[in-house]
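Chains, contacts and geometry: an overview
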Amino acid sequence: FLPEGQRSSPPPNILIIVFDALSARHIPIYGYPRQTTPNLARLAAHANVYHAHHSAGNFTTPGTTSILTGVYPWKHRALHLHGPMLEKYASRTFFNLAASDYFRSGYSHNLLVTSLLYQAKADLDAFNFSRALAYADLEYSDKVFPNDYNASIWSEAMILRDLGNKPSSLFLSQLFRLLRGWQDHKTEQQYGEQFPAGAPVNNDLYFLLEEGIDWTIEQLHHWPQPFLAYLHFMPPHYP
């Protein structure tokens, strides 16, 4: 992260990848008996593997915000499900640590994390909404209000979706339920054998992890160097 004039060697490219809700208890390098992640095992054989790390939060919003900012939740204040971080920390993410010649990119399947990256997008050279890697999506409001993403996306969720409470629009939510059922049926026909428990989905955006990995490999050939990239993939979170 040193400025150009202070470097004695080429700066490193930094790629941070998060697999949402991947449990250490199900990974062989942390003692799980089944060989569930052979590629991670290959990587671990040539890497530093940490065994005493802890999350700063017990769900997406506080935990990810602490990764981005390096402070505990009681400081950044992103404490509830759709909560933003304090504005002073939105401009103090690890993207700010990179020297000015670093290319900085952020992407997430998870809409909660997309909201956080949206807060910090002034410090990003490349920012994409979650739908950029979705093979199907039922999101609408941020297409209409792209400059007010955080308010529009969660307003739409409250109006149309069942988020543990009744949607605020009885009529529109019923239409949306029919549309969601059609999309689920279409997805089951196309990917049912591959995903017997259901294809990965988050707030009605449907993802394939393989496509996300292929996209990442492609970006590595196009991003200017040096780069700092944060990529947050939804699988294996749900289902």
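Residues numbered from 1 in each chain as written. Predicted model: local features only at pLDDT ≥ 70, side-chain atom pairs only at ≥ 80, totals over all residues. Heavy atoms only, no water.

What follows deals with the pattern of salt bridges. One side chain can pair with another of opposite charge once the charged atoms of both are near each other. A complete count under the given rule lists 7 salt bridges for this structure. Residue Arg104 pairs with Asp125 through a salt bridge whose shortest N-O separation is 3.8 Å. With Arg104 in strand β2 (residues 103-108) and Asp125 in the loop between α5 (111-119) and β3 (126-127), the pair connects residues that are 21 residues apart, well separated along the chain. Using a relative accessible area of 45% as the deciding quantity, one classes Asp125 as partly exposed. Between Asp204 and Arg161 there is a salt bridge, with the nearest N and O atoms lying 2.7 Å from each other. Taken together, the residues span a long stretch of sequence, with Asp204 in the loop between β5 (201-202) and β6 (205-206) and Arg161 in the loop between α7 (149-160) and α8 (170-191) at a distance of 43 residues. Comparing Asp204 with Arg161 shows no difference in burial state: the two are buried. Taken together, the shared-partner salt bridges in this structure form one network comprising Glu139, Glu156, Arg161, Arg180 and Asp204. (Salt bridge = Lys/Arg side-chain N within 4 Å of Asp/Glu carboxyl O. Helix = DSSP H or I, 4+ residues; strand = E, 2+ residues; numbered from the N terminus. Buried < 20%, exposed > 50% of the residue type's maximum accessible area, 1.4 Å probe, protein only.)

For the rest of this paragraph, the subject is the packing of aromatic side chains. The full count for this structure, using the stated rule, is 15 aromatic pairs. Ring geometry for Phe127 versus Phe129: centroids 5.3 Å apart, planes at 80 degrees, classification edge-to-face. Of the residues examined, Phe129 reaches a relative accessible area of 22% and is grouped as partly exposed. Ring centres of Trp215 and Trp223 lie 6.4 Å apart, and the angle between their planes is 85 degrees; this geometry places the pair in the edge-to-face category. (Phe/Tyr/Trp six-rings, centres within 6.5 Å; stacked < 30°, edge-to-face > 60°.)

Turning our eyes to something else, we now look at a negative patch on the surface. On the surface, a cluster of negative charge is contributed by Glu210, Glu211, Asp214 and Glu218. Mapped onto the secondary structure, Glu218 falls in helix α9 (residues 209-220). (Patch = residues over 30% accessible without salt bridge, like charges linked within 9 Å, V, L, I, M, F, W, Y side chains within 5 Å. Areas by Shrake-Rupley, 256 points an atom, 1.4 Å probe, with all protein chains shown as cover. Lys, Arg positive; Asp, Glu negative; His and termini not counted. Charge placed at Lys NZ, Arg CZ, Asp CG, Glu CD.)

A few words on unusual backbone geometry. The amide bond that connects Gln225 to the next residue, Pro226, takes the cis arrangement and shows omega of 0 degrees. As for its placement among the helices and strands, Pro226 is situated in the loop between α9 and β7 (227-233). Following Pro235, the chain continues to Pro236 via a peptide bond in cis, the omega torsion being 15 degrees. When you line up the elements, Pro236 lands in the segment after β7.

The next subject is a nonpolar patch on the surface. Together, Ile159, Phe171, Leu172, Leu175 and Leu178 line one region of the surface with nonpolar side chains, adding up to about 510 Å² of accessible area. Among the elements that take part in the nonpolar patch, α8 stands out by supplying 4 residues, more than any other. Along the chain, the position of Leu172 falls in helix α8. Leu172 sits in the partly exposed class, given a relative accessible area of 40%.

Below, the discussion takes up the sheet that holds β5. If you trace the 3 strands from one edge of the open sheet to the other, you get β4-β6-β5, paired in antiparallel fashion. Across the chains shown, the open sheet's two edge strands, defined by having one partner strand only, are β4 (136-137) and β5. Note: β5 against β6, 2 bridges, orientation antiparallel. From the neighbouring strand, Asn202 faces β6, where its bridge partner is Leu205. (Pairing = 2+ DSSP bridges.)

Right, let's get into α9. For α9, with 12 residues, the first-to-last C-alpha span of 17 Å sits near the 16 Å given by 1.5 Å per residue. Those residues of α9 lying buried are Gly212, Trp215, Thr216 and Gln219. Here the buried residues of α9 occupy an arc of 105 degrees about the axis, which is enough to place them on one side. (Expected span 1.5 Å × (residues − 1). Arc of directions from axis to C-beta.)

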